[in-house]
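Each chain, written out:
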Amino acid sequence: MLETFGHLPVAWLLFAVLAAAAFMAFYVGRTQAVGIARGYTSQLNSQPNYHGYFVAMATIAPAAIILFLYMLFGESLVRAQFASELPERIRALGDLELGQYIDRISEHATRRDATATGNALFDAASDRYTNLVGLSRIAAILLAVLAAAGGFFFGRSRLSGDFRARARVEDGIKFLLFLCAAIAILTTIGIVASLLFEALRFFSRVNVFSFLFGTEWNAQTGADFGAIPLFFGTFLIAFLAMLVAAPIGLFSAIYLSEYASPRVRSIVKPILELLAGIPTVVYGFFALQFVAPIVRSSATWINGLPFIPDGFLAAQPTSALAAGLVMGIMIIPFVSSLSDDVINAVPQTLRDGAYAMGATKSETVKQVVMPAALPGVIAALLLAVSRAIGETMIVVMAAGQRAQITPDPTADLTTITVQIVALLTGDTEFDSAKTLSAFALGFVLFIVTLIFNLIALRVVKKYREKYE
Amino acid sequence: MSSPTEGPANTGSFVTEEALQRLKKRHAAEARFKLYGQLAIGIAIVALVALLVSIFGQASSAFSRHVLSYDLNIEASYVDPEGTRDPDAIARNVSGFNLMLQDQLADEFLADDADRNDQRELYGVFTRLAVLPIARATADAPETIGSEQIFNVALADDIDLFLKGGVSARKSVEIGTVAAGEGSTEDGVTLTLASQDDAEKLSAALTELTRTDVDDAPAVALIKAGNTWYRMESSEGRNLSLTYLAGPRVLPAEGAEMEALVLAQSQENRTVTDRQIAWTKILQTQGRVKSVLNTSLFTNSDSTYPELAGTAAAIIGSLLTMLVTALLAIPVGIFAAVYLEEFAPKNRLTALIEVNINNLAAVPSIVFGLLGAAVFINFMGLPRSVPLVGGLVLGLLVLPTVIIASRAALTAVPPSIRTAALGVGASKTQSVFHHVLPLAAPGIMTGAIIGMARALGETAPLLLIGMVAFVAEVPDGPMDESTVLPVLIYKWSTGAERAWEPQTAAAIIVLLVFLVLMNLIAIILRRRFERRW
């Protein structure tokens, strides 16, 4: 019995049972309300349906809470109990190895076609683990059933002619809606907490200053954690990307909002948006397959020019320039649509005033519209920079892995995001400085982009208020 | 700007010589400025076109592939040596099927004294695992053993690539007929061409294809005379001295047709040998090597051999992941938007949630991958590489997008709807759920689909939660190891063999087709149901 429960996919079963219970409770509540009113339902404060909803809510809410708690903490409870039952010699292993041992057992135990391994202790432990899981599930289900029954009777006892069932139900709905909105906050808290927690663990092994200001990065060997080369690579590539995206995006936005006919606008805007819809991995492939070879052969050609010293450019098969150029293309629609919004928000009266003075269109744009839109445009560029810094796939595929500081854009550089991917792909133990350094890098990345975003969003908000 | 402030002398007319000059300049500046704008848009469009053209160009060769097609008697001595007719044993006996095909090829092309190297060269024409579908089909119907069946086996990736025009630059030259021939296929053959012109054509082609920037890498010519293939070692006037490669071991008759295939690289510098080319060419004239639609791209799962690799498992993995993402992001996103737009009191907490959502939308996607690795995998102990975790991470990632789109749709519903509902006695909740939400539904769905499309193309966070694992089986459910399309694209793009490039581009096109479909649905929804108030 315990064993079958240990293996059963109970989640779906429970879901069905809860749904059935809710239906039943609804029906009972509704019938009871009709009974209270003796058929004259207009006598009731709320319609019978709301009484039904109320009883259903009272029934499943406590059960759902208990099951949710079980989902969060059930496994760790089982593991703690299981660990305390293990023989002394295994418990003496230390937390990490003990954890891995239990991982192996739980993996073996949850496989449905598990067969005996021949290791008596392991098999016994695995059986015991299955039993414990089954036991914990039965306990959780019993508790949930009790809670549901309690809730059901409580709900029924509340029903009466002047019970404000609708208000109660609507409070419940509002609370549910609030929980959904709070998930966004929980996500942020989760991000900050997990990054901070792992980063602090990293900084307990590696000095913060040697991380932030060190110039040697050899994380794969676990030797050096100086992140300056990564910061340099990240900002160089973002800079190259902005060199492409800022002028093209801005001029497109100006042309579309000031010069283009509605027809041209309706064709060109979706095309630019198409660029934004292409997945980054596709840009990465484009950069690697087509742009990087062109960059390389151009660099080789420049090296071959008579007045250029030998080996002037590195001309690597993957290069910062290739990644930067393609990233720039990717960011164009981002810059153009944000600036387009900003430029359109500049009141027409300002333009009309300039035209009345005899200014040409370009003079109006340069001397009236752009100064008025400047804060918004700067915010758009800041958001674009933040996007460029956080972009991953293009640089992973086309920028390279070598941590070095060189102003040569045809050399292969590495970035924060490339290193995070390199450090966390493949086998990861959450206990080595190598893995933890990825979280420290992620923390830096998060903070930097957060600052850019906060400033940009604030400026945009201020700017909107100014012209609304 | 020009303003007539220079005194009474200039009053009377604005149209002075200088003013006209200035005006000309200003108009030129105006035209320049407009040109910059057009140029910027032009560059953006050219970049998009270059991207699409290059990817479609690469992919076009991956949608067909070459197979080796044989009618073979499935002999029990090969595929079921013990005679048990046990389906499992037959399906596992890949090497038996393999051997049957190898022996067939060896009968045809190898001399009796062929050594191991010759065999390896010949058997390299196809991949061992390519007979797997036949083994499975035979296992499903053991009664076919002993009867004639069609073997369609994928050619090795390099040879497929060669036939599609890759591997080496080449040129085919017609060189007339054989005037005379002497020697033997063992010790070398000398053939004389019928006309001097043809000899010159051949040497011109050789010079043309020989690379000038590399020393000592002359082009080579493979000569077909009759049905026999030779490699040209040297030539003197009309006399070509040749080494036998493949085909009938007889000297060509006088007047036999000749043909030369000139290749820029000698076999030391390419992945396909001269003999493999000759064999493939002979098989092609027999109709045994033919080009078919590459259906395995959609029906196969990942493989370490590009010619066998397909996207099936990744497509199913993507669908499962999207299912989890949709179940999390769409209801939670809509409810959060309803709360913020309709119910939230104006207080600090709401303001904080609002700022927070806007910020969350701009957090780099890889940070969500770190969150997933730390919380879902390390803290909550969920398994790596499963669609459930991937879907949860992507769900949190697109949640802000869905919320923002839903809020925009809710704001677009005019307040008169709400007040009218409240006016006839509906509660706030009723007015929202019975009136506002249904009216905002098309806008919300559009936003949700666009959010899903973004999640479908996302790669970076999934790399951090282990979805790069090699998965050769179609996943059964959200708790089964799997990979997704964009990650598969990333993995294939890192493959060393050249054949991965068209394969990757083809997978990109599969992904783009899905994205285009989703966006089309969103556009249709918007066109069909959008109301302007």
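Along each chain, the written sequence defines residue order, and numbers are assigned to residues from 1. Lettering for chains starts from A, numbering for ligands starts from 1, and both go in the order in which the items are written. The model is predicted, so local features are restricted to residues of pLDDT at least 70 and side-chain atom pairs to those at 80 or more, both for listing and for counting; the totals for chains, interfaces and linings are taken over all residues.

Chain B has the name Phosphate transport system permease protein PstA in an unreviewed UniProt entry, where Henriciella algicola is given as its organism. UniProt positions are given in the numbering used here, feature names are shortened, and annotations may be inferred rather than shown by experiment. Turning to chain B, the UniProt annotation filed under Sequence similarities (unreviewed entry) states: "Belongs to the binding-protein-dependent transport system permease family. CysTW subfamily."

The name an unreviewed UniProt entry gives chain A is Phosphate transport system permease protein, with Henriciella algicola as the organism. Taken directly from UniProt, the Sequence similarities (unreviewed entry) text for chain A runs: "Belongs to the binding-protein-dependent transport system permease family. CysTW subfamily."

A. Representation of the overall build of chain B in the model. Along chain B, the regular secondary structure elements total 19 helices and 9 strands. In this description the radius of gyration comes from C-alpha coordinates, and the expected globular size is given by 2.2 Å times residues to the power 0.38. In terms of C-alpha radius of gyration, chain B reaches 34 Å, well past the compact-globule figure of 24 Å for 533 residues. In terms of its C-alpha atoms, chain B occupies a principal-axis envelope of roughly 105 × 95 × 40 Å. Buried means a residue has 20 or more other C-beta atoms within 10 Å of its own C-beta, exposed means 12 or fewer, and partly exposed covers the counts in between; C-beta atoms are placed from the backbone. A buried classification covers 44% of the 533 residues belonging to chain B. What counts as a contact here is a pair of residues whose C-beta atoms, placed from the backbone, lie within 7 Å. Contacts spanning at least 24 positions in sequence make up 75% of the contacts within chain B whose residues lie at least 6 apart. By the criteria applied, helices consist of DSSP H or I runs no shorter than four residues and strands consist of E runs no shorter than two, each listed in order from the N terminus.

B. View of the domain arrangement of chain B. The domain architecture assigned to chain B consists of domain 1 (12-61), domain 2 (168-270) and domain 3 (312-529). In this document the domain limits rely on a domain assignment from an automatic tool or a database. Summarising the inter-unit geometry, the C-alpha centres of domain 1 of chain B and domain 2 of chain B are found 55 Å apart.

C. Structural detail: the interface of chain A and chain B. Counting residues at the interface gives 70 residues for chain A, matched by 69 residues for chain B. The leading source of residues in the side of chain A that touches chain B is helix α7 (residues 165-203) of chain A, at 19 residues. Looking at the side of chain A that touches chain B, its residues break down into 45 nonpolar, 18 polar and 7 charged. Just so you know the grouping, Ala, Val, Leu, Ile, Met, Phe, Trp, Tyr, Cys and Pro go in nonpolar, Asp, Glu, Lys and Arg go in charged, and all remaining residues, Gly too, go in polar.

D. Structural detail: the confidence of the model for chain B. Per-residue pLDDT for chain B averages 86, and the proportion of residues at 70 or more is 97%. Across the assembled chains, the prediction reports ipTM 0.88 with pTM 0.86. On a scale of 0 to 100, pLDDT captures the predictor's confidence in every residue.

E. Layout of the domain arrangement of chain A. By domain assignment, chain A separates into domain 1 (2-163) and domain 2 (210-467). Measuring from the centre of the C-alpha atoms in domain 1 of chain A to the corresponding centre in domain 2 of chain A gives 49 Å.

F. A look at the environment of I302 of chain A. Residues and elements named next belong to chain A. Mapped onto the fold, I302 is located in helix α11 (residues 280-304). By C-beta crowding, I302 is classed as partly exposed, having 13 other C-beta atoms within 10 Å. In the structure, I302 is positioned 82 residues away from A384 in sequence and 31 Å away in space, judged by C-alpha atoms. Those residues in contact with I302 that sit more than four places away from it in its chain are I308 and L313.

G. Spatial organisation of the UniProt feature "domain: ABC transmembrane type-1" (unreviewed entry) in chain B. Taken from the UniProt record, the annotation "domain: ABC transmembrane type-1" (unreviewed entry) applies to residues 315-521 of chain B. The annotated region residues 315-521 of chain B carries 76% helix and 0% strand content, and the separation between its end C-alpha atoms amounts to 19 Å.

H. Molecular detail of the nonpolar core. Ranked by size, the top nonpolar core spans 196 residues in total, and within it A287 and V326 of chain A carry the most contacts. Top contributing element to this core by residue count: helix α11 (residues 312-343) of chain B, with 19 residues. Here V326 of chain A is in contact with Y283, F286, A287, V291, I394 and A398 of chain A, once residues within four sequence places are set aside. Linking buried Ala, Val, Leu, Ile, Met, Phe, Trp, Tyr and Cys residues through C-beta atoms within 7 Å yields a set, and such a set is a nonpolar core. Ranked by size, the runner-up nonpolar core spans 62 residues in total, among them I90, L122, A225 and L240 of chain B.

I. The arrangement of the UniProt feature "transmembrane region" (unreviewed entry) in chain B in detail. Residues and elements named next belong to chain B. Under the local residue numbering, the UniProt record ascribes the feature "transmembrane region" (unreviewed entry) to residues 35-56, 312-340, 360-382, 388-410 and 505-525. Summarising residues 35-56: 100% helix, 0% strand, and an end-to-end C-alpha distance of 31 Å. With 100% helix and 0% strand, residues 505-525 has its two end C-alpha atoms placed 30 Å apart.

J. Summary view of helix α3 (residues 48-85) of chain A. To estimate how far a helix should reach, multiply one less than its number of residues by 1.5 Å. Compared with the 56 Å implied by 1.5 Å per residue over 38 residues, the 53 Å span of α3 of chain A between its first and last C-alpha is a close match. At F73 of chain A, α3 of chain A shows its largest bend, some 50°. Bend at a residue means the angle formed by two fitted axes: the first through the 7 residues ending at that position, the second through the 7 residues beginning there.

K. Representation of the sheet that holds strand β5 (residues 220-225) of chain B within the structure. Residue and element names in this part refer to chain B. Strand order around the closed barrel formed by 6 strands is β3-β4-β7-β6-β5-β8, with antiparallel pairing between neighbours. Neighbour to neighbour, the strand axes of the sheet diverge by 45° on average, direction disregarded. Note: strand β6 (residues 228-236) against strand β7 (residues 239-246), 7 bridges, orientation antiparallel. Across the sheet, M232 pairs through a bridge with L242, a residue of β7. Note: two strands are recorded as paired if DSSP finds a minimum of 2 bridges between them. Note on definitions: angles span 0 to 180 degrees between N-to-C directions of axes, and those axes are lines fitted to C-alpha atoms, for helices only across the stretch in contact.

L. Structural context of the sheet that holds strand β9 (residues 289-293) of chain B. All names here are of chain B. Read from one edge of the open sheet, 3 strands run β2-β1-β9, paired in antiparallel fashion. Strands at the two margins of the open sheet, each flanked by one partner only, are β2 (148-154) and β9. Strand-to-strand twist in this sheet, taken as the mean axis angle between neighbours without regard to direction, amounts to 45°. Relative to β9, strand β1 (residues 64-73) is paired through 5 bridges, and the arrangement is antiparallel. If you follow V67 over to β9, its bridge partner there is K290.

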